[in-house]
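One letter stands for each residue in the lines below.
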Amino acid sequence: MEFDGSGWAEGRIELLPPSEGWSLLSPEPEARIDEHRWAHQARVFFGAELTLVQKKAYPSGTTPMADAVEVDIARTSSSSSSTPRAASRVLVMTVPLDRAPLVRAAAAAGVRAIGGRGFDALLARARRVWQVREPPSAGDDARAPLVVTAVLAAVLLAPVVPPGEETIFGVKGARERLQRLGW
């Protein structure tokens, strides 16, 4: 993937099938990536260090219609260990919801599977899809895509459609999954 001088992905962004990535449905229509906010959420709420590989700029307040970014994520080093933790890299992509009918259908199926529980209202307000590719493109922590997904769910207030499952959940569900995986 190539990136321009503002860090925006060049060319058409095509999401993966819902079975190959963690999909999030955001009510925000913009493709703005705020590294400081993402990193703060990761550090404070998930004990992780998050950095963008491609730094983003938004000249004149504009944002791209679709975008992608590689994210490095690592467990925060504890005070008992002076060894820095190795980061894993994941790809995050975003497109307007109308360009992601398969994700929308998977989200609707997930809402039906859990009996709504308020996620039907969240789905109705969704304007943009964010997707975290599974598995990591570099590094050896298989939990990295879920950690990035949890951070984005918190930042974007977006429900999550997990790959290969017929369900939908929010930040709490992501945190519970991470806890079961020892994060």
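Conventions we followed
- Residues numbered from 1 in each chain as written.
- Predicted model: local features only at pLDDT ≥ 70, side-chain atom pairs only at ≥ 80, totals over all residues.
- Heavy atoms only, no water.
- Helix = DSSP H or I, 4+ residues; strand = E, 2+ residues; numbered from the N terminus.
- Expected span 1.5 Å × (residues − 1).
- Buried < 20%, exposed > 50% of the residue type's maximum accessible area, 1.4 Å probe, protein only.
- Pairing = 2+ DSSP bridges.
- Contact = heavy atoms within 4.5 Å.
- Axes fitted to C-alpha atoms, helices over the stretch in contact; angles between N-to-C directions.
- Phe/Tyr/Trp six-rings, centres within 6.5 Å; stacked < 30°, edge-to-face > 60°.
- Core = buried A, V, L, I, M, F, W, Y, C linked by side-chain atoms within 4.5 Å.
- Parallel < 35°, antiparallel > 145°, perpendicular 65-115°, else oblique.
- Left-handed = near helix turned anticlockwise from the far one by under 90°.
- Nonpolar A, V, L, I, M, F, W, Y, C, P; charged D, E, K, R; others polar.

Concerning helix α4 (residues 144–156)
Reasoning step 1: A rise of 1.5 Å per residue sets the reference length of α4, with its 13 residues, at 18 Å; its end C-alpha atoms lie 18 Å apart and thus fit the reference within 8%.
Reasoning step 2: The element α4 is largely enclosed, with a buried count of 13 among its 13 residues.
Reasoning step 3: Just downstream of α4, L157 is the residue with a positive phi angle, here 50°.

With respect to the sheet that holds strand β5 (residues 128–133)
Reasoning step 1: An order of β2-β3-β4-β5-β1-β6 is seen for the six strands of this open sheet, with the pairing classed as antiparallel. Where the open sheet ends on each side, the last strands, each with one partner, are β2 (48–52) and β6 (160–161).
Reasoning step 2: In terms of strand pairing, β2 meets strand β3 (residues 67–75) through five bridges, oriented antiparallel. Each bridged residue has a counterpart across the sheet, and for A48 the counterpart in β3 is R75.
Reasoning step 3: With respect to the sheet, helix α1 (residues 35–46) is in contact with β2, β3, β4 (88–96) and β5, its orientation differing from that of β2 by roughly 165°.

Section: the packing of aromatic side chains
Reasoning step 1: Scanning the model with the defined rule gives two aromatic pairs in all.
Reasoning step 2: Seen from their ring centres, W8 and Y58 are 6.2 Å apart, and the 35° between their planes marks the pair as tilted. Taken together, the positions of W8 in the segment before β1 (21–26) and Y58 in the loop between β2 and β3 put the pair 50 residues apart, joining distant regions of the chain.
Reasoning step 3: With centroids separated by 5.9 Å and ring planes inclined at 75°, the aromatic side chains of W38 and W130 adopt a geometry described as edge-to-face. Taken as a pair, W38 in helix α1 and W130 in strand β5 lie far apart in primary sequence, 92 residues in all.

Here we look at the side chain of D72
Reasoning step 1: Structurally, D72 is set in strand β3.
Reasoning step 2: Discounting residues that sit within four places of it in the chain, D72 has contacts with E49, L50, T51, V53, A87, S88 and R89.

Quick look at the nonpolar core
Reasoning step 1: Counting 35 residues, the largest nonpolar core has W38, V71 and V92 as its most contacted members.
Reasoning step 2: Contributing elements (two or more residues each) for this core: β1, α1, β2, β3, β4, β5, α4 and α5 (171–180).
Reasoning step 3: Looking at this core, the element that brings in the most residues is α4, giving 11 residues.
Reasoning step 4: Ranked by size, the runner-up nonpolar core spans 22 residues in total, among them A66, L91, M93 and F119.

Let's talk about the packing of α1 against α4
Reasoning step 1: Contact geometry for α1 and α4: axes closest at 9 Å, N-to-C directions at 110°. Looking at the two axes, α1 sits roughly perpendicular to α4. In the crossing of α1 with α4, the sense of the turn from one axis to the other is right-handed. Each of R37, W38, Q41, A42 and F46 in α1 lies in contact with α4, whose residues at this interface are A150, V151, L152, A154 and V155.
Reasoning step 2: Here the contact of α1 with α4 is built from residues that sort into eight nonpolar, one polar and one charged.

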